[in-house]
Amino acid sequence: MKKLLILGAGTAGTIMANTMSRKAGKDWEITIVDQSEVHYYQPGYLFMPFGVYTEKDVQKPRKKFLPSRATYRQSGIEQICPEDNKVILAGGEELGYDILIVGTGCRIAPEEIDGLTGSDWGKRSHDFYTFEGARKLTAAMKDWQGGRLVINIAEMPIKCPVAPLEFAFLADWYLTQRGLREKTEIVYTTPLSGAFTKPVASAILNHLLEEKGIIVEQDFAIGSVDNEGHKIVSWDEREVPYDLLVSVPTNMGDRLIERSNMGDELNFIPTNRDTLQAKAKENIFVIGDATDLPTSKAGSVAHFEAEVLTENILSYMKGEEMEERFDGHANCFIESGFGKGFLLDFNYEQEPVPGHFPFPHVGPFGLLSQTRLNHLGKLAFKYVYWHMLLKGYPIPFVDHRMSYLGKKIPNKAKASA
Amino acid sequence: MATKELAGSSVEVNEEGYLTDRTQWNEAVAAALATEEGIELSDEHWKVLKFIESDFAEKQAVPGMRRLNKVGGIPTKDLYRLFPGGPIKKAARIAGFPKPASCV
Ligand SMILES: Cc1cc2nc3c(=O)[nH]c(=O)nc-3n(C[C@H](O)[C@H](O)[C@H](O)COP(=O)(O)OP(=O)(O)OC[C@H]3O[C@@H](n4cnc5c(N)ncnc54)[C@H](O)[C@@H]3O)c2cc1C
């Protein structure tokens, strides 16, 4: 038997275990490893602090989503040894492979920011990128009586790059509902020169921030947190005081990647952007947040990548050319508060622009416009995630290759990626 | 796009003042671009510019802050001292590279 080994049973690893179980020849044995028994629906963390989702909505047993054909090993992973085609587990046991898929995602690294894990951490300063962080922040939002609510993005790239913006919009909505908006200053601090990384979307979203009275402190590169003075300080010595700090710390690949000496300066793995093959070794493939690809780190992206990677690995197994190409397609709903939302659809070359999705003129979703249906789409994503996406079924009408149909592309946005 | 006279040579720049053709770049052009930013280039500045140049050759991208720290060995504090305001954007412009596009 030949061996296919998958590291990480999060969004990407789970999808790959399912598609490969359906499609790989019977001479392949499939094994998948993850350290914890719970599969978290990470997009749900955003909604917990506002009471839209509870803890129960965002966690389910991991095994439930894995195919019976694959052997599931619950264990930490210590190291990948590309030269020897083997992986060492936390207990020292070694697993050999013919093909390796790395889907170990990324994690927040608050320890990278001077002072962030100081005395305010978990009290006045929180994150919502982890289950524990979202839980504590839920309690903090419940107790909130007004003051300065500061959102900070430490540095790019971060997974789900629109999540901090959504947090700001939802906080505006939540506090308005509770009669506390007038008593709250919401400040959005970002290292970018605007709300988003791409110009057309950034202009539209900047405008919305302004409309909602959210103060934006841009080009803000956080240098340290002053826990005594309760303020964040940028490298160019701007100070922003907070009563509650909602931090999106530096995002990095797992330490496993560093231990294996396979990552860049953020522990992301250099990956071929078309084929998803690791640049270091031909029988290693990388998917999801673990890659260094210049597109969003998002569940939707992992899903599109999986369609490409499944075909490519099947070709590789047969010794054929890998013909499928990933175009960087990302498709993200953005909650904008008060029961509305946006939808962004883009890839490596094409930045997000207004239009209709997935059908030209018809939609039903509006690209880069605020609609109620986009909001419902975002909420429906939870159902789609648990029931379709993790199984690796194609999303109806949405191809892994981004479609240019229905997009209103201004001349300038066409070329600039 | 516009054509501009810098240090005796004529160069193409985009609307934000970044060179659009790096073959038009040379050390005198760098010095002139630096002057526009109110910076006088020292050996320390050149260390940063040289790293950006060699890293761009390898990665086809302007290195971010963390890469300048970890791979280039230049602390963030120094970068802000050398290129006040926006170190990466300014250093990239002076080094003749495009404005760094942060990933989505
Ligand atoms: C707040 C928030 C909101 C989001 N909103 C959206 C959204 O609206 N839409 C969207 O598409 N995406 C969203 N995302 C992003 C999405 O959740 C991720 O992009 C997606 O989960 C990536 O999948 P992955 O498999 O690469 O990583 P993960 O799903 O994180 O899985 C990685 C797995 O690897 C395991 N692992 C890592 N290292 C080791 C080790 N050393 N040993 C053993 N196991 C290990 C982990 O336990 C984990 O299970 C959001 C994320 C967050 C945090």
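These numbers come from a predicted model, not from an experiment.

Cut-offs applied
Residues numbered from 1 in each chain as written. Chains lettered and ligands numbered in written order. Predicted model: local features only at pLDDT ≥ 70, side-chain atom pairs only at ≥ 80, totals over all residues. Heavy atoms only, no water. Helix = DSSP H or I, 4+ residues; strand = E, 2+ residues; numbered from the N terminus. Rg over C-alpha atoms; globule rule 2.2 N^0.38 Å. Buried < 20%, exposed > 50% of the residue type's maximum accessible area, 1.4 Å probe, protein only. Domains from an automatic or database assignment. Buried area = accessible area lost by both parts, 1.4 Å probe. Salt bridge = Lys/Arg side-chain N within 4 Å of Asp/Glu carboxyl O. Polar contact = N/O pair within 3.5 Å; in protein donor to acceptor, adjacent residues only side chain to side chain. Near = heavy atom within 4 Å. Areas by Shrake-Rupley, 256 points an atom, 1.4 Å probe, with all protein chains shown as cover. Nonpolar A, V, L, I, M, F, W, Y, C, P; charged D, E, K, R; others polar. Phe/Tyr/Trp six-rings, centres within 6.5 Å; stacked < 30°, edge-to-face > 60°. Lys NZ or Arg CZ within 6 Å of the ring centre and 35° of its normal. Contact = heavy atoms within 4.5 Å. Pairing = 2+ DSSP bridges. Axes fitted to C-alpha atoms, helices over the stretch in contact; angles between N-to-C directions.

## Here's the deal with the overall build of chain A
The helix and strand inventory of chain A stands at eight helices and 24 strands. In summary, chain A has a C-alpha radius of gyration of 21 Å against a globular reference of 22 Å for 417 residues, a match within 12%. Overall size of chain A, expressed as C-alpha extent along the three principal axes, is 65 × 50 × 40 Å. Taken over 417 residues, chain A has a buried fraction of 58%.

## Some details on the domain arrangement of chain A
Residues and elements named next belong to chain A. Parsing chain A into structural domains produces domain 1 (2–108 + 252–318), domain 2 (110–250) and domain 3 (330–391). For domain 1 and domain 2, the distance between their C-alpha centres works out to 30 Å. For the domain 1 and domain 2 pair, buried surface summed over both sides reaches about 2,200 Å², with 72% attributable to carbon and sulfur atoms. Considering only the surface of domain 1 that becomes buried against domain 2, Leu46, Phe50 and Ile108 emerge as the three largest contributors, covering 36% of it. In this assembly, domain 1 and domain 2 are joined by three salt bridges. Where domain 1 touches domain 2, the interface holds six residue pairs in polar contact (both at pLDDT 80 or more).

## Here's the deal with the site of the ligand
All names here are of chain A. If you check the shell around the ligand, you find 29 residues, and the closest are Thr11, Ala12, Asp34, Asp289 and Lys378. A distance of 2.9 Å separates an oxygen atom of the ligand from a polar backbone atom of Ser300. Its free accessible area being 1,000 Å², the ligand has 94% of it covered by the protein chains. Mapped onto the shell around the ligand, the elements with two or more residues apiece are α1 (11–23), α6 (299–317) and α7 (372–389). When the residues that make up the shell around the ligand are grouped by side-chain class, the tally is nine nonpolar, 13 polar and seven charged. Counting contributing residues, the shell around the ligand receives three or more from each of domain 1 (2–108 + 252–318) and domain 2 (110–250).

## Thoughts on the packing of aromatic side chains
Under the defined criterion, the tally for this structure stands at 21 aromatic pairs over all chains. Each ring, one from Phe56 of chain B and one from Phe97 of chain B, has its centre 4.3 Å from the other, and the planes form 25°; the classification is stacked. Here Phe97 of chain B lies in the segment after α5 (87–94) and Phe56 of chain B lies in helix α2 (residues 43–59), a separation of 41 residues in the sequence. Exposure remark for Phe97 of chain B: the relative accessible area of 5% places this residue in the buried category. Here a set of aromatic residues connected by ring pairs shows up, and it is made of Tyr41, Phe65, Phe381, Tyr385 and Trp386 of chain A. Above the ring of Trp386 of chain A, the side-chain terminus of Lys60 of chain A is found at 5.2 Å from the ring centroid. For Lys297 of chain A, the ring lying beneath its charged end belongs to Phe268 of chain A, and the centroid distance is 4.0 Å.

## Here we look at the side chain of Ser21 of chain A
Residues and elements named next belong to chain A. On the secondary structure map, Ser21 appears in helix α1. Residue classification places Ser21 among the buried residues on the basis of a relative accessible area of 11%. A polar contact is formed between the side chain of Ser21 and the backbone oxygen of Ala17, at a distance of 2.8 Å. Not counting chain neighbours up to four residues away, the residues in contact with Ser21 comprise Ile30, Pro67, Arg69 and Ala70.

## Comments concerning the pattern of salt bridges
Close approach of charged atoms lets side chains of opposite charge pair. Residues and elements named next belong to chain B. Counting across every chain of the model gives 34 salt bridges over all chains. The salt bridge involving Arg93 is made with Glu37; its shortest N-O contact spans 2.9 Å. Remark: Glu37 occurs in the loop between α1 (27–36) and α2 and Arg93 occurs in helix α5; sequence separation between them is 56 residues. Ionic pairing is found between Glu44 and Arg81, a salt bridge with its closest N-O pair at 3.0 Å. Placement of the pair is Glu44 in helix α2 and Arg81 in helix α4 (residues 76–82), with a sequence separation of 37 residues. We classify Glu44 as partly exposed; its relative accessible area is 38%. The partly exposed category is assigned to Arg81, whose relative accessible area is 48%. When salt bridges with common partners are traced through the structure, they connect Lys4, Glu36, Glu37 and Arg93 into a single cluster.

## Describing the pairing of strand β16 (residues 231–234) of chain A
Regular strands show a simple pattern: their side chains alternate between the two faces of the sheet. All names here are of chain A. Both strand β15 (residues 222–226) and β16 contribute to a ladder of four bridges, which runs antiparallel. Counted as the bridge partner of Ser224 is Val233 from β16. Between the antiparallel neighbours β15 and β16 lie four residues, among them His230 with a positive phi of about 50°. If you look at the hairpin formed by β16 and strand β17 (residues 239–241), you'll find four residues sitting between the two strands, and Glu237 has a positive phi there, around 65°.

## Details of the sheet that holds strand β6 (residues 77–81) of chain A
Each strand in a sheet pairs with its neighbour through backbone hydrogen bonds, running either in the same direction (parallel) or in the opposite one (antiparallel). Residue and element names in this part refer to chain A. Reading across the sheet, the three strands line up as β6-β7-β8 and stay open at both edges, with antiparallel pairing between neighbours. The sheet is open, and its two borders are formed by β6 and β8 (94–96), each paired with just one other strand. If you compare each strand with its neighbour and ignore which way they point, the axes differ by 20° on average. The pairing of β6 with strand β7 (residues 86–89) spans four bridges and is antiparallel. Looking at the pairing, Cys81 lines up with Lys86 of β7.

## Quick word on the environment of Trp144 of chain A
Residue and element names in this part refer to chain A. Considering the arrangement of structural elements, one finds Trp144 in the loop between α2 (131–143) and β12 (147–153). Sequence-wise, Trp144 and Thr184 are 40 residues apart; in three dimensions their C-alpha atoms are separated by 9.4 Å. Apart from residues lying up to four places away in sequence, Trp144 is in contact with Leu149, Leu175, Leu180, Thr184, Asp243 and Leu244.

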